[in-house]
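# Inside the fold
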Amino acid sequence: MEGVTMVLLLIWTLISPSSNGKAWPPHTVCRDGNLEVFYQSCDPLQDFGFSVDQCSKHMKSNLNIRLGIVLREDIKELFLDIALFTKGSSILNFSYPICEEDLPKFSFCGRRKGEQIYYAGPINNPGFEILEGEYQVLLELYNEKRSTVACANATVICS
């Protein structure tokens, strides 16, 4: 019986990292001279990995990224919401369909719960310059049922 208790305790510890009240650790996306970008998962059940190849305040229109996550939900359709804040004021809200049932844009569209997504490649975005300041970015990936697939609070510091 003691062995079963230990196994159950180990499983509980592995699947509920936020049960002790601690948040996921912050991750550095990039750091280069005048620009620092880091994020922290805001999903209490799951962390994920994300990085970019370029760390410059002059964002190119084709940005190479890497994303890794194990799905807790099916993704027939996948959407991204981005909210950008500075000094407590909202300056941008943006929604973008990443996977639509009839128009999958990426190879991971249609993946099922429990499968892993690892994407390394370009994303199209408008090229722009990051202005000096500190920004908070809330990013949420969710499926057609509005279930959260991934969530992150990011901070961008540009000097």
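No experiment lies behind these values; they were computed from the predicted model shown. (Residues numbered from 1 in each chain as written. Predicted model: local features only at pLDDT ≥ 70, side-chain atom pairs only at ≥ 80, totals over all residues. Heavy atoms only, no water.)

Residues at a pLDDT of 70 or more form 87% of the chain, whose mean pLDDT is 85. Note on residues 3-19: pLDDT is under 50 here. Beyond four places in sequence and across chains, it has seven contacts. (pLDDT = per-residue confidence, 0-100. Contact = heavy atoms within 4.5 Å.)

Glancing now at unusual backbone geometry. For Lys87, which is not a glycine, the phi torsion comes out positive at approximately 50 degrees. Summarising the element assignment, Lys87 is placed in the loop between strand S6 (78-86) and strand S7 (89-100). For Arg146, which is not a glycine, the phi torsion comes out positive at approximately 70 degrees. Within the secondary structure, Arg146 is located in the loop between strand S11 (133-143) and strand S12 (148-158). (Helix = DSSP H or I, 4+ residues; strand = E, 2+ residues; numbered from the N terminus.)

Bringing the layout of surface pockets into the picture now. In this structure, the largest pocket occupies an estimated 1600 Å³ of space. Every residue lining the largest pocket is counted, 50 residues in all, and those nearest its centre are Leu63, Leu80, Ile82, Ile123 and Leu139. Tallying contributions element by element places S12 first for the lining of the largest pocket, with six residues. Residue composition of the lining of the largest pocket, by class: 43 nonpolar, four polar and three charged. (1 Å grid on protein atoms, 1.4 Å probe; cavity = no way out; pocket = protein on both sides within 12 Å on 5 of 7 lines; lining within 4 Å. Points joined across faces, edges and corners; volume = space filled by probe spheres on them. Nonpolar A, V, L, I, M, F, W, Y, C, P; charged D, E, K, R; others polar.)

Moving on: the pattern of salt bridges. Tallied over the entire structure, the rule returns five salt bridges. One salt bridge connects Asp43 with Arg72, and the closest N-O pair in it is separated by 2.7 Å. With Asp43 in the loop between strand S2 (35-41) and strand S3 (49-52) and Arg72 in the loop between strand S5 (62-70) and S6, the pair connects residues that are 29 residues apart, well separated along the chain. The exposure class assigned to Asp43 is buried, which follows from its relative accessible area of 5%. The closest approach of N and O atoms between Arg66 and Asp53, which form a salt bridge, is 2.3 Å. With Arg66 in strand S5 and Asp53 in the loop between S3 and strand S4 (58-59), the pair connects residues that are 13 residues apart, well separated along the chain. (Salt bridge = Lys/Arg side-chain N within 4 Å of Asp/Glu carboxyl O. Buried < 20%, exposed > 50% of the residue type's maximum accessible area, 1.4 Å probe, protein only.)

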